[in-house]
Every structure is written in C-alpha cells, then in structure tokens.
Amino acid sequence: MQKPVEREWELTIDPDTVRLFILKAKAISAAVSDDYQDGSEHEIELDDQTHDGHHHDGLAEEESEDLTSEELRELIDDLNVDEAAELVALVWVGRGDYDAAEWQEAVADARQRSNKRTATYLLGMPTLADWLEEGLEAIGA
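Residues numbered from 1 in each chain as written. Predicted model: local features only at pLDDT ≥ 70, side-chain atom pairs only at ≥ 80, totals over all residues. Heavy atoms only, no water.

Colleague: Just checking my understanding: could you explain the overall build of the protein chain for this structure?
Modeller: A count of helical and extended segments in the protein chain gives six helices and two strands. Mapped in sequence order, the helices and strands of the protein chain form the string α-β-β-α-α-α-α-α. When contacts within the protein chain are restricted to residue pairs at least 6 apart in sequence, those whose partners lie at least 24 apart make up 70%. Carbon together with sulfur atoms contributes 46% to the accessible area of the protein chain, which is approximately 8700 Å² in total. (Helix = DSSP H or I, 4+ residues; strand = E, 2+ residues; numbered from the N terminus. Contact = heavy atoms within 4.5 Å. Areas by Shrake-Rupley, 256 points an atom, 1.4 Å probe, with all protein chains shown as cover.)

Given below as structure tokens:
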C-alpha cells in the first residue's frame, strides 16, 4: 500500500467522477464474474463417445453488463484530453507503475499516449476499479 502524499496539484478530472467510474467498473466486473458461470460454454456428454458444446447465455446479465460497459465507454470518451490523461495516470499510480510522487510525470506520459482508444485501453483492464481506487488514495484525492 502506497503512502498518500501531500497534494501539490489540482485535478482536472473531478474525483467524484472517478468514483462514479469506479462504481461502473465494479458493476461490469461483477457482471462478468456472474456471467462466467452462467454464460460460459459447457461440454455435455450425450453418450460415452459423443460430446457436444452447450452454451447458456445469461442474457439478463449480459444485457446489463453491455449497458454498463457502453455507459462507461461513453463517459470516458467524453473526457477532454487532460481528464483522460489524469484517469490513465490514476490507473498507472494505482497499479504501481508510478509512485504518487511521480504524479506529474505519469500525467505527462499519459498525455503523450493520448488517443481515441483510451476507453478501450481502460475497459480492457480486469481490475480497473481497484487501480482507480488505489490511485485516488495514493495521491490523496
């Protein structure tokens, strides 16, 4: 656990907005965990030698996951360049790529890699919510 540092900057992105993203990321993660058992493919044995794949798609969970995922994607896509860079930097600090004392460097590096795929990049992280929480905590926001 990283020790929070004295904040010497103001965030462009509102910490409450990041907390909303955390809640949505947790909902997505929970839906994926539920779907893993209900919506995964299972092999069933028809007789001693014949097997068939059976897929049960937990449609209710998938639909809610897709809505939440799409919502979060749109919210991230709506961020300006500075907010998106700070969001990525929070993830990097949260997962330990940068120390909280290196916040400005993390934001600068995130700004350099800035592109239209930030949402895809972030939503591809299975522990996005945890890293955002840890990043906020580490920088004292």
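Colleague: Any chance you could explain the pattern of salt bridges here in plain terms?
Modeller: Should the charged atoms of two oppositely charged side chains come close, the side chains can pair. Tallying each qualifying case throughout the model produces five salt bridges. D16 serves as the salt-bridge partner of R19, at 3.1 Å between the closest nitrogen and oxygen. You can see R19 and its partner D16 sitting in helix α1 (residues 15-38), three residues apart, about one turn around the helix. By relative accessible area, R19 is classed as partly exposed at 36%. (Salt bridge = Lys/Arg side-chain N within 4 Å of Asp/Glu carboxyl O. Buried < 20%, exposed > 50% of the residue type's maximum accessible area, 1.4 Å probe, protein only.)

Colleague: Is there a simple way to explain the packing of helix α3 (residues 81-94) against helix α6 (residues 128-139) in this structure?
Modeller: Axis angle and axis distance: for two packed helices, these are the angle between their axes and the distance between the axes, and together they describe the pair. Between α3 and α6, the shortest axis-to-axis distance is 7 Å and the interhelical angle comes to 90 degrees. Judged by the inter-axis angle, α3 sits roughly perpendicular to α6. Here α3 contributes L87, L90, V91, V93 and G94 to the contact with α6, which in turn contributes L128, W131, L132, E134, G135, L136, A138 and I139. The residue inventory of the contact of α3 with α6, partitioned by class, reads ten nonpolar, two polar and one charged. (Axes fitted to C-alpha atoms, helices over the stretch in contact; angles between N-to-C directions. Parallel < 35°, antiparallel > 145°, perpendicular 65-115°, else oblique. Nonpolar A, V, L, I, M, F, W, Y, C, P; charged D, E, K, R; others polar.)

Colleague: So what exactly am I meant to see when it comes to the side chain of S69 here?
Modeller: The residue S69 is located in helix α2 (residues 59-77) in this model. On the basis of relative accessibility, which here comes to 18%, the residue S69 falls in the buried class. Apart from the residues within four sequence positions on either side, S69 is in contact with I28 and L123.

Colleague: How do you make sense of the packing of α3 against helix α4 (residues 103-112) when you look at a structure like this?
Modeller: Relative orientation of the contacting elements α3 and α4 amounts to 120 degrees, with a least axis distance of 8 Å. The angle between α3 and α4 places the two elements in the oblique class. As α3 runs across α4, the sense of the crossing is right-handed. For the pair α3 and α4, contact is made by V81, D82, A85, E86, V88, A89, L90, W92 and V93 and by W103, A106, V107, D109, A110 and R111, respectively. Considered class by class, the residues forming the contact of α3 with α4 number eleven nonpolar, no polar and four charged. (Left-handed = near helix turned anticlockwise from the far one by under 90°.)

Colleague: Just to check I follow, could you spell out the packing of aromatic side chains for this structure?
Modeller: Aromatic ring pairs are defined here through the distance separating the ring centres and the angle between the ring planes. In total, this model carries one aromatic pair according to the counting rule given. Measuring from ring centre to ring centre gives 5.8 Å for W92 and Y98, while their planes differ by 20 degrees; the resulting arrangement is stacked. Overall, Y98 belongs to the buried group, its relative accessible area being 14%. Lying over the aromatic face of W131, R95 brings its terminal NZ or CZ to 5.4 Å of the ring centre. (Phe/Tyr/Trp six-rings, centres within 6.5 Å; stacked < 30°, edge-to-face > 60°. Lys NZ or Arg CZ within 6 Å of the ring centre and 35° of its normal.)

Colleague: What exactly am I supposed to notice about the side chain of T118 here?
Modeller: Mapping T118 onto the fold places it in helix α5 (residues 118-123). Once residues lying within four places of it in the same chain are set aside, the contact partners of T118 are I76, A84, V88 and R113.

By themselves, these figures tell us nothing about what the structure is for.
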